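# Close look at the chain arrangement
What follows is the residue order along each chain.
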Amino acid sequence: MKAVSQSSRMHGAYRSGLDHLATGLCVLATILVVAPLVAIFAYLLFKGASSLNLDFFTKIPKPVGESGGGMANAIVGSGVLLGVASLIGIPLGVGGGIYLAEFGRGTRLANAVQFTADVLNGVPSIIVGIAAYSLVVIPMHHFSALAGGVALGIMMIPTVMRSTEEMLLMVPHTIREAALGLGVPNWRSVLSITLKTASPGVITGCMLAFARVAGETAPLLFTALGNQFWSVNLNREIAALPLQIYIYAISPYDDQHRLAWAGALVLIALIVLAVSLVRYVASRGILKGAS
Amino acid sequence: MGVGIEVTNLNAWYGTNHTLQDINLPIPANHATALIGPSGCGKSTFVRCLNRMHETNPIAKVTGSVRIGEIDIYADASPVEIRRRVGMVFQRPNPFPTMSIYDNVCSGLKLNGYSNRKVLDEIVERSLRNAALWDEVKDDLRKKSGASLSGGQQQRMCIARALAVDPEVLLMDEPASALDPVSTSKIEDLIFQLKTQYTIVIVTHNMQQAARVAEKTGFFLNGRMVEFDSTHKIFTNPSDKRTEDYITGRFG
């Protein structure tokens, strides 16, 4: 009897040791994942924060050789581009995701759309830029904010579509049945019940796509082109933060390098701000105890 | 008020699986009718044929006729119209998680475009009272999510939700099988009251439950209806040997 209890105690010690080891490995993995993000943000703060001042947010770039100036036009320009991109990418992506999850399951068209979306997701961003160039820039005969927005919007579609589809499929079947059982037409049930239940996940998917294209430079090179002056006109070339960062980063002037660092910091901060804001606004609508 | 249901030569398939074979059954108005039988015998499929939920599965097929009151539900009306007249309560409570208790209860009306606030208030209160839930939730109707209630409360809320669209028939597919005994007895009391106003069809695994709440009982086995009679007769003096074997616990 004594021997048995002793061995089971030893066994218990072994098992709890294993438990601690596994927990420790998970913590370590988490740290390894988060560390690069923290490192990048810390380095950006270190390099960029000192160049941030009011001018950065209110002035446009100075001509080469003059010091100072800011990126106000690029911040606003990025906002305009992302606005256009979201207007294109989110409705098309969410609509496509609803079709895939609720109406087209198993049909040839749905399979083709899924496959195309996955391929589009893997297409290099510069090629999306070329597509937007031939779709918008060539017919219009000039570079424009619209073309840049179209390029970014196309890039958002597959991410938004596949995440919407997956989130809708996670809504339990019993909830759809509840709606149908009440005599609610299918389209109404999809929009008001399934999509609404999945909305936190759908919104997260949209924000991921948004954050991803917010930092894209390549598709803008020959669509939005960049602009050293104020412009919010969709029909004209427009400045964008990633473009401005790129231009300053490859320039030979230290002053411009500092502005590029500051620009990178602001870009990340704005993305974090936009994503948090949307999540906060979306979470306010959720009731106590809702899962 | 409830209406009677007349089922004639009903057959149903899932793919090639012939789940219901030649069912004929008269279900009386304003009574509770229980359907019993072992798992997989087709009783759930049967109730799902009574509000055309069966056909929401793309591989499902139905033939035969089901008359609810004056309407042949497979010939005279759309599934959406039928489901407004034939409410359904499912095995597991399925509240809409994003909605408050209030919105859950009036969701059937709201989603069909009904928006008169005063009338909705009255219907929500009446439905929750009918489902014996009003006193427990009246103070946080709009504050709390329907999903935050306990399992038994959720199920009574789902009953209130079905009652709010004012159906003539209420189908209940094992409504208490996921609940504890206290909640189960509340649901049974509720069925007792509701059957004066609605025609109730209840699927159950629990034979005592069938004996307690239903006037009529049908015994299903392997996709066929073996016997349909008064509950008292089924449980005391069944005509068919298979029914007797089942209710005495010799199989199933």
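Residues numbered from 1 in each chain as written. Chains lettered and ligands numbered in written order. Predicted model: local features only at pLDDT ≥ 70, side-chain atom pairs only at ≥ 80, totals over all residues.

## Looking at the sheet that holds strand 10 (residues 224-230) of chain B
Residue and element names in this part refer to chain B. Strand order in the open sheet made by the six strands is 6-7-8-3-9-10, with mixed pairing throughout. For this open sheet the edge positions go to strand 6 (86-89) and strand 10, each flanked by a neighbour on one side alone. Each strand axis lies, on average, 15° off the axis of its neighbour in the sheet, ignoring direction. Two strands pair when backbone bridges link them, and strand 3 (residues 32-36) and strand 9 (residues 216-221) are joined in this way by four bridges, in the parallel orientation. Along strand 9, the bridge assignment pairs I36 with F219. Relative to strand 8 (residues 199-203), helix 1 (residues 43-50) is tilted by about 150°, and along the sheet it contacts strand 3, strand 6, strand 7 (169-173), strand 8 and strand 9. (Pairing = 2+ DSSP bridges. Helix = DSSP H or I, 4+ residues; strand = E, 2+ residues; numbered from the N terminus. Axes fitted to C-alpha atoms, helices over the stretch in contact; angles between N-to-C directions. Contact = placed C-beta atoms within 7 Å.)

## Observations concerning the sheet that holds strand 1 (residues 5-14) of chain B
Across the sheet, which stays open at both edges, the four strands sit in the order 2-1-4-5 (chain B) with antiparallel pairing between neighbours. With partners counted over all chains shown, the strands left at the sheet margins are strand 2 (17-27) and strand 5 (71-72) of chain B, one partner each.

## A look at the interface of chain A and chain B
Listed by partner, the interface residues are 20 residues for chain A and 26 residues for chain B. Every element with two or more residues in the side of chain A that touches chain B is listed here: helix 7 (173-181) and helix 8 (186-214) of chain A. The leading source of residues in the side of chain A that touches chain B is helix 7 of chain A, at six residues. When the residues that make up the side of chain A that touches chain B are grouped by side-chain class, the tally is nine nonpolar, seven polar and four charged. (Nonpolar A, V, L, I, M, F, W, Y, C, P; charged D, E, K, R; others polar.)

## Concerning the environment of G87 of chain B
All names here are of chain B. Counting through the fold element by element, G87 comes out in strand 6. According to the C-beta neighbour criterion, G87 is buried, with 27 such atoms within 10 Å. On a C-alpha basis, the gap between G87 and V165 in space is 7.9 Å, while along the polypeptide they are 78 residues apart. Those residues within four positions of G87 in sequence are excluded, and the remaining contacts are A162, L163, V165, P167, L170 and L171. (Buried ≥ 20, exposed ≤ 12 C-beta atoms within 10 Å, placed from the backbone.)

## What to know about the domain arrangement of chain A
Residue and element names in this part refer to chain A. The domain architecture assigned to chain A consists of domain 1 (2-51) and domain 2 (57-284). Spacing between the C-alpha centres of domain 1 and domain 2 amounts to 35 Å. Contact with domain 1, which involves seven residues of that partner, is made by seven residues of domain 2. Here the residues of the side of domain 1 that touches domain 2 are counted per class, giving four nonpolar, two polar and one charged. (Domains from an automatic or database assignment.)

## What about the pairing of strand 2 of chain B?
Within a regular strand, the side chains alternate between the two sheet faces. All names here are of chain B. Bridge count between strand 1 and strand 2: seven bridges; the pairing is antiparallel. Each bridged residue has a counterpart across the sheet, and for L10 the counterpart in strand 2 is I23. Between strand 1 and the antiparallel strand that follows it, strand 2, lie two residues; G15 among them carries a positive phi value of about 60°.

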